[in-house]
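# Commentary on secondary and tertiary structure
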Amino acid sequence: QAQLVESGGGLVQAGGSLTLSCAASGRTFSSYAKGWFRQAPGKEREFVAGINWSGGSTYYADSVKGRFTISRDNAKNTVSLQMNSLKPEDTAVYYCAAGRGSWYDPYQYWGQGTQVTVSS
């Protein structure tokens, strides 16, 4: 059974950095688009960043553009999110996802999420 597992979340001070990783198992996702989403308490889940199957194209929400970087390693079946200059408003549960379509299409596979807390 295909599974995505996030890691790397935690507590960090504003201005700090974290790197989230998402490891896939059960199948290869090398031909899938991958994305990161987040959900803060009381808010809807929102798109953060996406990457196409080859890693040649990346997409970011305006709120994280210039601070976050998404990357992937198809040989290792992983996707990562480097987060710099973190702000308290980045606090959320972060989810990785994989989809058969483009980064803006619905995603079929989701991880369980990892908590990121940014203190002021």
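## Re the state of the cysteines
- Tallied over the entire structure, the rule returns one disulfide.
- Put simply, Cys22 and Cys96 are joined by a disulfide, and their sulfur atoms are 1.9 Å apart. Classification of the bridge connecting Cys22 and Cys96 rests on its S-S torsion, roughly 40°, and on that basis the disulfide is right-handed. Here the residue Cys22 occupies a position in strand 3 (residues 18-25), and Cys96 occupies one in strand 9 (residues 92-99), the gap between them amounting to 74 residues.

## Thoughts on the environment of Val116
- Mapped onto the secondary structure, Val116 falls in strand 11 (residues 114-119).
- Here Val116 falls in the buried class, since its relative accessible area comes to 0%.
- The spatial distance from the C-alpha of Val116 to the C-alpha of Leu11 is 6.2 Å, given a sequence separation of 105 residues.
- Discounting residues that sit within four places of it in the chain, Val116 has contacts with Gly9, Gly10, Leu18, Leu20, Met83, Asp90, Thr91, Ala92 and Tyr94.

Here is what the cut-offs are and how they apply
- Residues numbered from 1 in each chain as written.
- Predicted model: local features only at pLDDT ≥ 70, side-chain atom pairs only at ≥ 80, totals over all residues.
- Heavy atoms only, no water.
- Disulfide = S-S within 2.5 Å.
- Helix = DSSP H or I, 4+ residues; strand = E, 2+ residues; numbered from the N terminus.
- Buried < 20%, exposed > 50% of the residue type's maximum accessible area, 1.4 Å probe, protein only.
- Contact = heavy atoms within 4.5 Å.

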